[in-house]
Amino acid sequence: MAHEAEAKRDARETAIGDAADLVATLEASNVQPLWDRYKRLNTREPQYYEPMIWHWEMMEKFADRAANEISMEEAERRALLLTHPAFPGTVFTTPTLAGGVQILEPGEAAPAHRHTLAALRLAMIGDEAVTVVDGKPCPMKPGDLILTPAWSWHEHHHNGKNRAVWFDGLDYPLARQLGTVFFEVGPGPVPERGLAHMDDGSLAEGGILPEGDGKCVPYSPLYRYAWERVSKALDAMTPFADGSRKIRYLNPVDGGPVMPTIDCFAQRLEPGRKTTAMRTTATAIVVVIEGEGESKIGDKTFHWKQHDCFTLPRWLWIEHLATQGPATLFLMTDRELTSRIGHLREETRD
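Position numbers for residues start from 1 in each chain and track the written sequence from start to end. Thresholds applied to this predicted model are a pLDDT of at least 70 for local features of residues and 80 or more for the giving and counting of side-chain atom pairs; totals over whole chains, interfaces and linings are not thresholded and use all residues. No hydrogens and no water enter the side-chain calculation; it runs on all heavy atoms of the structure.

*Asks:* Would you mind going over the sheet that holds strand β12 (residues 224-225) with me for this structure?
*Replies:* Strands in a sheet are paired, the pairing made by backbone hydrogen bonds, and the direction either parallel or antiparallel. If DSSP finds at least two bridges between two strands, the strands pair. Comment: elements are numbered from the N terminus, with helices defined as DSSP H or I runs of at least four residues and strands as E runs of at least two. One open sheet accounts for six strands, arranged β2-β3-β10-β5-β8-β12; its pairing is antiparallel. On the outer flanks of this sheet lie β2 (79-82) and β12, each paired with one strand and no other. Here β2 runs beside strand β3 (residues 98-104); their pairing, made up of four bridges, is antiparallel. Each residue of the ladder has a partner; that of L80, found in β3, is V101.

Okay, here's the thing in structure tokens:
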């Protein structure tokens, strides 16, 4: 019996040695076995990264230094990127979205360029800068959302008297991982005037589209969503059961997201009332448009004020509470992208 047990043990050790040798041989040839790692590859739930917050109190000091120490001759864009340590060696804020803060001083301009990255600007400070998108001037008043869709020429000008600061949002992490980043320096040819050059109220409010216009594009032709109109729409809404109100920025042509890879929302919170807890497989970057409050994200609680930016990772329970109002959050998300590839799951709880 002892001899038989010892023989079995020797056989197991030999098999283990052979298996280890096989794995090493495979990996040396850039091949990996599935059998010893499939449970790590197929997680029971999405693996998440920690939420992060960038307080404006800190970012304002960095913005001031950048404005004073970095000239536009040195910078294509004077931007501060919000980078997450969970993605070392990158400038990712989430796995699919990147955020930053851009500064333009009076009399400065950021020259025209275009790229395959879809991008947006949310005006934070100053009301005199202008972003020109494919030849269309878009004023940047606080709270305004400006789109610079993939492969659109865009530039920034500031002929006012006070510093302009805005949030930059891009789908860079997604494009980088797909390996589909193209970039061109302008100036470039301005597209023919079509839907994108209509007044931003005529489409959204009048529901008017030119018959036979063949210039429809896979993104919203509005380019600019004025905060004044967004705020009025939130005021006019019937609140949800938790007192909050939420709108989606839409492409008026098809009722879809403003851009295929970026889906945007504005959420107004009722002071003193927590929002219904929810979790989603979509990820988001949040910018505080106005007010003060706190957000519980997983086991962390962030206290926020106007212009703070923070992330909402996938599949963590999230609750928001406004402590001073009105409090409104802007959410840049990959929700539509996640939905289109069949990966969107959302849950709520009391």
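*Asks:* Can you help me understand the nonpolar core in this one?
*Replies:* Among soluble globular proteins, nonpolar side chains are generally buried collectively. With 50 residues, the main nonpolar core has L120, L145, F167, Y249 and F330 as its most contacted residues. No other element matches the five residues that helix α3 (residues 56-69) contributes to this core. Beyond its immediate stretch of four places on either side in the chain, L120 contacts L145, I146, L147, T148, F167, D168, G169, M259, I262, C264, F330 and M332. Residue types Ala, Val, Leu, Ile, Met, Phe, Trp, Tyr and Cys, when buried and joined through side-chain atoms within 4.5 Å, form a set referred to as a nonpolar core. Burial classes: relative accessible area under 20% of the type maximum marks a residue as buried, over 50% as exposed, and values in between as partly exposed (1.4 Å probe, protein chains only). Grouped together as the second largest cluster of nonpolar side chains are 17 residues, I53, F265, W304 and A322 included. Whether two residues are in contact is decided by their heavy atoms: any pair within 4.5 Å suffices.

*Asks:* How should empty space enclosed by the protein be read in this particular structure?
*Replies:* The method is simple in principle: a probe with the dimensions of a water molecule rolls over the atoms, and the space it marks as empty is what remains. Every definition here rests on a 1 Å grid over the protein atoms only: cavities are sets of points where a 1.4 Å probe fits but cannot get out, pockets are open sets enclosed by protein on both sides within 12 Å along at least five of seven lines, and lining residues have some atom within 4 Å of a point. Grid points are joined across faces, edges and corners, and a volume is the space filled by probe spheres set on the points. Applying the stated criterion across every chain, the model contains one cavity of 30 Å³ or more. Within this model, the largest cavity holds a volume of roughly 30 Å³. Contributing elements (two or more residues each) for the lining of the largest cavity: β5 (119-125) and β10 (164-170). Looking at which element gives the most residues to the lining of the largest cavity, the answer is β10, with three residues. By the convention adopted, Pro, Cys, Tyr, Trp, Phe, Met, Ile, Leu, Val and Ala count as nonpolar, Lys, Arg, Asp and Glu as charged, and the other residues, Gly among them, as polar. Of the residues assigned to the lining of the largest cavity, the class counts are seven nonpolar, one polar and no charged.

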